[in-house]
There are 4 protein chains.
Amino acid sequence: MHIFRERRLQTFLQNYQNRARLLIACPDQLGIVAAVTSFLYEQGANIVESSQYSTDPQGGTFFLRIEFDCPDMTAKKAEMEKEFAKIAETFEMKWRLSLHNDLKKMAIFVSKEEHCLLELLWEWEAGELLADIAFVISNHEHMRESVEALGIPYYYIPVTKEGKDEAERKQIALLKEHKVDTIVLARYMQILSPAFVAEFPFQIINIHHSFLPAFIGARPYEQAYRRGVKLIGATSHYVTDDLDEGPIIEQDVARVDHRYHPEDLKRVGRIIEKTVLARALKWHLEDRVIIHENKTIVFS
Amino acid sequence: MHIFRERRLQTFLQNYQNRARLLIACPDQLGIVAAVTSFLYEQGANIVESSQYSTDPQGGTFFLRIEFDCPDMTAKKAEMEKEFAKIAETFEMKWRLSLHNDLKKMAIFVSKEEHCLLELLWEWEAGELLADIAFVISNHEHMRESVEALGIPYYYIPVTKEGKDEAERKQIALLKEHKVDTIVLARYMQILSPAFVAEFPFQIINIHHSFLPAFIGARPYEQAYRRGVKLIGATSHYVTDDLDEGPIIEQDVARVDHRYHPEDLKRVGRIIEKTVLARALKWHLEDRVIIHENKTIVFS
Amino acid sequence: MHIFRERRLQTFLQNYQNRARLLIACPDQLGIVAAVTSFLYEQGANIVESSQYSTDPQGGTFFLRIEFDCPDMTAKKAEMEKEFAKIAETFEMKWRLSLHNDLKKMAIFVSKEEHCLLELLWEWEAGELLADIAFVISNHEHMRESVEALGIPYYYIPVTKEGKDEAERKQIALLKEHKVDTIVLARYMQILSPAFVAEFPFQIINIHHSFLPAFIGARPYEQAYRRGVKLIGATSHYVTDDLDEGPIIEQDVARVDHRYHPEDLKRVGRIIEKTVLARALKWHLEDRVIIHENKTIVFS
Amino acid sequence: MHIFRERRLQTFLQNYQNRARLLIACPDQLGIVAAVTSFLYEQGANIVESSQYSTDPQGGTFFLRIEFDCPDMTAKKAEMEKEFAKIAETFEMKWRLSLHNDLKKMAIFVSKEEHCLLELLWEWEAGELLADIAFVISNHEHMRESVEALGIPYYYIPVTKEGKDEAERKQIALLKEHKVDTIVLARYMQILSPAFVAEFPFQIINIHHSFLPAFIGARPYEQAYRRGVKLIGATSHYVTDDLDEGPIIEQDVARVDHRYHPEDLKRVGRIIEKTVLARALKWHLEDRVIIHENKTIVFS
């Protein structure tokens, strides 16, 4: 399958070597779009996608995401940034210009449950998950075979109560060394310390196996069973210090009924979990997710 | 439309005058189904639908709902009950035999928001909601016209902090007088007192405008907006003393995104609320909902 | 309810008296967005929503919908249009500028089944359907009461094989007289003649009671029953000469199973039909639907 | 993972060694359920699940599926069948008694697209797909590695226009040799000959990448793109001589819009295809699917 994947990926990236994304956040006022689009026009860029949102046309925050094609984009990037900085200053913009083909550096954390990891690996193989997977970290050994078979390094880092700090030190070292900017908790059942989270602000994506804010915390399927809900769900969100309280990226649900015991809820839940996580991650990798006041703006 | 409705309803009930339902709950053990179905066979009954559920084959509770046709059912009912009592005794059954055409006596409570009431009235008009609507009670006047136009009595009972007990006394009097056995809170925004609830155990169906247990209590759409959920929902449940904690009958959700302000969430929510309530109510009216340990078994 | 509705509507329109929409379609090329947004900026307009789509960045068609607020919009409109015409010319634009509060003139056609009509009337009452309902036309009398109760004229125009042309002449006369620009077929079971359709190109919205292109033509629920599908659907589309082949605006489905007879499919289908039609109509009324090569671009 | 899987599976099967299923189809008449359940009672069986359906209480066909636990079930089976044959005769029953742990013998056919195969393999690994996978057949080589890694034989049987009969002969030989009773076409893009289909009546399950009966035949996503549908779907059905016309087991859909090109529809479709196929297959493996007049009754 590897050669397969590589070939697919290469042809794919070929088509997008002149594609770039401009993300902007600034106080809402007149003329922002005009200024930005005029700039891109002068640069010879062709806008292929544009999304905007304002928290409040009167003095709110304005968000803009523009995807465009521009000849010799890679060569031009530095110059373009220098030029755009002037506009950015007048509008007090927070902004970022990134190339479509600068793939994010991703690490996947997993524990016993493998369905989310396998889904991500499959989509990655299929060339649908545009990321550079640096490695997989697990506090269990059992997935090594499947991961290494794809040529992805697998680090087994067991986590014990006492050894937790030590384990996190190892993890952080690996993440820094490989310049990882996106960490996916694919059913990683260890709670990360505030120190760890602080190292990667809004770079850690988790899949919680409930429709948040329902059933926060441990064993959500057991909670759902006890409450007798008729739908179960999954939620993918950025990890913050408040457990399960980070900005929600995506959610979905599936129908269940009184015949479902916790084991059945888990079985059905796995399908939702992996689908929701894959969807949220895709948007994150394409810079479609903007965080604002503990909520996400998703330009899907 | 009235004549329309009456005609539809009559022809409909005609077809079901020999249809009855037997509901049973008892300790699980061998031979229950055999005993019940043999009895029905001897009675000349033809089983058209049968649903069963056991909380645990080893010493759990067994639930059975059988719908059957039997010649001269109406005439036979009393005798049949007398006969079945013997079987019921041997298996320690809680049970109920009811005629399909013995419609439940229903009262609808509503406040300002009319969408749920209108949905129920429309389905009732269309002959799809098989109930006998005794009257509508509201703490507002504005729906009188639409309700009375359908020949349904409308009682305006304002509720003030001080006057609450008095209002509930009036409501209970009306409900008792009309022998109401099913009370629907179709977006009735007054919290019923424990005394009121105790008068109608598991006979009060509410529609809560959130995907419970998320956003319990007041202003759920504002709560959902603040949390930034990507799906909003509605939950229909039986009313108990614990606010929004009663057995859930049905739930559903709809997709939203960052552009939805609370007003938009409410707009989308109305569609879910009325659909979910109508679905839950239909099951209740057809004796398809069984309550067990604050959960529902729905033989839909 | 009327006074209610009027009050709601007035306050609502108040808030949007300076809101306008600019719709554009033109050959894709560099600089379109820059030119348009710069123009709006010079006019002192604040863009509150912007959606764009290109069938193909290389020589395809580009579509743009911008919603903006501008001081004294109503007074300014004519002048603004005169100014914009110059830009439009350079880019060979097809375009339209419309005021948010210039409500569309709508007529609703209905036959025996009333659920879609009632849904639209309710949403209109609730101030959610921003249209000016000129009248309802039906080939049956039974909905007169409910419609006239809302102060909406009701025209009973029976349709017989021989009398069809005559009936359509009457209908067209009424539609022209009231300057109707949006015709909703809310389960109107008469097939309109090509001549009629030609009079109102892409101004007629129909709800078809199946998931098109499955089950084109008559009695779709019977067709669905025979095929044994596990989901049934509804499709709202613009009416063209090809029966059920017009551009699709919106679709949705609901789950069914082997126990559903055609009557049950119809019952479930009604909920989907009215929801889908209401959603499609809302987008149409807000100029969010653009037709291109027998497909729709929906800027929802 | 293997040991993992084996362990899970063994413990699982342990719990069900006394679990059996009785499937019955016969002309509807009084007393069927009574007779069957009385028989099971005498055998000391405890009914844990019972589903029934009648095409028409007056002279239709009656279907019954009962799942029960019985001490020493395996030892008892032959005797029980001999006994039940008498009842079966009086009611003219077509019937089958099977042990929960007699897993079906399954073969998976696949072509280029691997997502459905991978989903099935994963669920099988996870011990959720209770079948005995005899082998995988493909007209391509690229999945050999992944399949053999799980200890499952992989047969590469290329199919050319001229060599088709020869290829099918090889396939049939393998299927017969391994006594395969369930063939899954997991996106196998070769059309099977009537001769092949005749060899395995209602034992071949296919996943069609459209919401049948919409977009029958080749390239459904391209068809869907041209028609401009707002939902795409997938359909799992039994294979008959009429292409894509066999009894439907399960269907589902996902929302799309005008921005989706055929490639995007395919990407979204893959998720639905694999989910729908897995769901349908699970029901088939648990004997929950009954075929009647080219439709399925699914006792899910």
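Everything numeric here is computed off the predicted structure, so don't read it as measured data.

**Topic: the interface of chain A and chain B**
So, point 1. At the interface, 35 residues of chain A touch 35 residues of chain B.
So, point 2. Together chain A and chain B conceal approximately 2800 Å² of surface at their shared face, both sides included; 53% is due to carbon and sulfur atoms.
So, point 3. By the criterion of area lost to chain B, the three top residues of chain A are Arg-227, Lys-230 and His-258 of chain A, representing 26% of everything that side buries.
So, point 4. Where chain A touches chain B, the interface holds six salt bridges.
So, point 5. Where Glu-245 of chain B meets Arg-227 of chain A, a salt bridge forms, and the shortest distance between an N and an O atom there is 3.7 Å.
So, point 6. At the surface where chain A touches chain B, the tally comes to 20 residue pairs in polar contact (both at pLDDT 80 or more).
So, point 7. The biggest single contributor to the side of chain A that touches chain B is strand 11 (residues 248–255) of chain A, with seven residues.
So, point 8. Here the side of chain A that touches chain B is composed, by residue class, of 16 nonpolar, eight polar and eleven charged.

**With respect to the packing of aromatic side chains**
So, point 1. Per the stated rule, a full pass over the model turns up 30 aromatic pairs over all chains.
So, point 2. Here Phe-84 of chain A and Trp-95 of chain A contribute two aromatic rings whose centre-to-centre distance is 5.0 Å and whose plane-to-plane angle is 65°, an arrangement assigned as edge-to-face. Of this pair, Phe-84 of chain A sits in helix 3 (residues 73–90) while Trp-95 of chain A sits in strand 4 (residues 94–99), placing them eleven residues apart in sequence.
So, point 3. On the basis of relative accessibility, which here comes to 28%, the residue Trp-95 of chain A falls in the partly exposed class.
So, point 4. Pairing Phe-196 of chain C with Phe-200 of chain C gives two aromatic rings, centres 5.5 Å apart and planes at 45°, and the pair type is tilted.

**Section: the relation of the copies chain A and chain B**
So, point 1. When chain A is brought onto chain B, the operation consists of a screw motion whose angular component is 180° and whose axial shift is 0.0 Å, with 0.0 Å RMSD remaining. Put plainly, the chains are arranged around a two-fold axis. When C-alpha distances to the rotation axis are compared across chain A, the minimum falls at Ala-214 of chain A, with a value of 2.3 Å.
So, point 2. When the interface residues of chain A are mapped onto chain B, 100% of them are again interface residues, pointing to one common binding face.

**Examining the domain arrangement of chain A**
Residues and elements named next belong to chain A.
So, point 1. Assigned domains of chain A: these are domain 1 (17–99) and domain 2 (105–298).
So, point 2. Computed from C-alpha coordinates alone, the two centres of domain 1 and domain 2 are separated by 31 Å.
So, point 3. The largest per-residue losses of area from domain 1 upon contact with domain 2 belong to Arg-21, Phe-63 and Arg-65, which jointly make up 50% of the total buried on that side.
So, point 4. Applying the counting criterion to the domain 1 and domain 2 interface returns four salt bridges.

**Some words on the interface of chain C and chain D**
So, point 1. Residue-level contacts link 35 residues of chain C with 35 residues of chain D.
So, point 2. Buried surface at the junction of chain C and chain D, both sides included, amounts to about 2800 Å², of which 54% is carbon and sulfur.
So, point 3. Of all residues in chain C, Arg-227, Lys-230 and His-258 of chain C give up the largest surface area on contact with chain D, accounting jointly for 26% of the area buried on that side.
So, point 4. For the interface between chain C and chain D, the tally reads six salt bridges.
So, point 5. The interface formed by chain C and chain D contains 20 residue pairs in polar contact (both at pLDDT 80 or more).
So, point 6. When contributions to the side of chain C that touches chain D are tallied by element, the ones reaching two or more residues are helix 8 (220–227), strand 11 (248–255) and strand 13 (295–298) of chain C.
So, point 7. Here the residues of the side of chain C that touches chain D are counted per class, giving 16 nonpolar, eight polar and eleven charged.

**Examining the sheet that holds strand 4 of chain A**
Residues and elements named next belong to chain A.
So, point 1. With antiparallel pairing, the four strands of this open sheet are ordered in space as 2-3-1-4. Edge positions in the open sheet fall to strand 2 (46–54) and strand 4, since each of these has one partner strand only. Going from strand to strand, the sheet's axes swing by 10° on average, the running direction of each strand aside.
So, point 2. Together, strand 1 (19–27), strand 3 (61–69) and strand 4 form the strand contacts of helix 3, whose direction differs from that of strand 4 by roughly 170°.

**Description of the relation of the copies chain C and chain D**
So, point 1. When chain C is fitted onto chain D, the two copies agree to an RMSD of 0.0 Å after a turn of 180° and an axial shift of 0.0 Å.
So, point 2. In this assembly the copies share their binding face: 100% of the residues contributing to the interface of chain C also contribute to that of chain D.

**With respect to the environment of Ala-278 of chain C**
Residue and element names in this part refer to chain C.
So, point 1. Positionally, Ala-278 belongs in helix 9 (residues 262–285).
So, point 2. Under the relative-accessibility criterion, Ala-278 is labelled buried at 4%.
So, point 3. Each C-alpha atom, one on Ala-278 and one on Leu-117, is 9.6 Å from the other, the two residues being 161 residues apart in sequence.

**What to know about the packing of helix 2 (residues 32–42) of chain B against helix 2 (residues 32–42) of chain D**
So, point 1. For the pair helix 2 of chain B and helix 2 of chain D, interaxial distance at closest approach is 8 Å and the crossing angle is 150°. Regarding the angle of helix 2 of chain B to helix 2 of chain D, the classification is roughly antiparallel. Both helix 2 of chain B and helix 2 of chain D take part in a crossing whose hand is left-handed. Of helix 2 of chain D, the residues touching helix 2 of chain B (which contributes Val-33, Ala-34, Thr-37, Ser-38 and Tyr-41 of chain B) are Val-33, Ala-34, Thr-37, Ser-38 and Tyr-41 of chain D.
So, point 2. Class assignment for the residues of the contact of helix 2 of chain B with helix 2 of chain D results in six nonpolar, four polar and no charged.

**Describing the nonpolar core**
The nonpolar side chains of a soluble globular protein tend to be buried, and buried together.
So, point 1. Ranked by internal contacts, the top residues of the largest apolar core, which has 93 residues, are Met-106, Leu-120 and Ile-232 of chain C together with Met-106, Leu-120 and Ile-232 of chain D.
So, point 2. Not counting residues up to four positions away in its chain, the partners in contact with Leu-120 of chain C are Ile-108, Leu-129, Val-184, Ala-186, Leu-277, Ala-278 and Leu-281 of chain C.
So, point 3. Counting residues in hydrophobic clusters, the runner-up holds 90 residues, among them Val-147, Ala-224 and Ile-232 of chain A together with Val-268 of chain B.

**Points about the pairing of strand 10 (residues 231–238) of chain D**
Residues and elements named next belong to chain D.
So, point 1. Among the eight residues in strand 10, eight count as buried, and that is most of the element.
So, point 2. The side-chain alternation of strand 10 yields two buried faces, one formed by Leu-231, Gly-233, Thr-235 and His-237 and the other by Ile-232, Ala-234, Ser-236 and Tyr-238.
So, point 3. Pairing geometry for strand 9 (residues 204–208) and strand 10, over four bridges, is antiparallel. Across the sheet, the residue bridging to His-208 is Thr-235, located in strand 10.
So, point 4. Pairing of strand 10 with strand 11 (residues 248–255), which is carried by seven bridges, proceeds in the antiparallel orientation. When the sheet's bridge partners are listed, Thr-235 is paired in strand 11 with Gln-251.

**A few points about unusual backbone geometry**
So, point 1. Cis geometry is found at the peptide bond from Leu-212 of chain C to Pro-213 of chain C, where omega equals 5°.
So, point 2. With respect to the element layout, Pro-213 of chain C can be found in the loop between strand 9 (204–208) and helix 8.
So, point 3. The backbone of Glu-293 of chain B sits at a positive phi, close to 50°, despite the residue not being glycine.
So, point 4. For Glu-293 of chain B, the position within the fold is in the loop between strand 12 (289–292) and strand 13 (295–298).
So, point 5. Phi is positive for Glu-92 of chain C, which is not a glycine, with a value near 50°.
So, point 6. Tracing the chain through its elements places Glu-92 of chain C in the loop between helix 3 (73–90) and strand 4 (94–99).

Procedures and definitions
Residues numbered from 1 in each chain as written. Chains lettered and ligands numbered in written order. Predicted model: local features only at pLDDT ≥ 70, side-chain atom pairs only at ≥ 80, totals over all residues. Heavy atoms only, no water. Contact = heavy atoms within 4.5 Å. Buried area = accessible area lost by both parts, 1.4 Å probe. Salt bridge = Lys/Arg side-chain N within 4 Å of Asp/Glu carboxyl O. Polar contact = N/O pair within 3.5 Å; in protein donor to acceptor, adjacent residues only side chain to side chain. Helix = DSSP H or I, 4+ residues; strand = E, 2+ residues; numbered from the N terminus. Nonpolar A, V, L, I, M, F, W, Y, C, P; charged D, E, K, R; others polar. Phe/Tyr/Trp six-rings, centres within 6.5 Å; stacked < 30°, edge-to-face > 60°. Buried < 20%, exposed > 50% of the residue type's maximum accessible area, 1.4 Å probe, protein only. Least-squares fit on C-alpha atoms with pLDDT ≥ 70 in both. Domains from an automatic or database assignment. Pairing = 2+ DSSP bridges. Axes fitted to C-alpha atoms, helices over the stretch in contact; angles between N-to-C directions. Parallel < 35°, antiparallel > 145°, perpendicular 65-115°, else oblique. Left-handed = near helix turned anticlockwise from the far one by under 90°. Core = buried A, V, L, I, M, F, W, Y, C linked by side-chain atoms within 4.5 Å.

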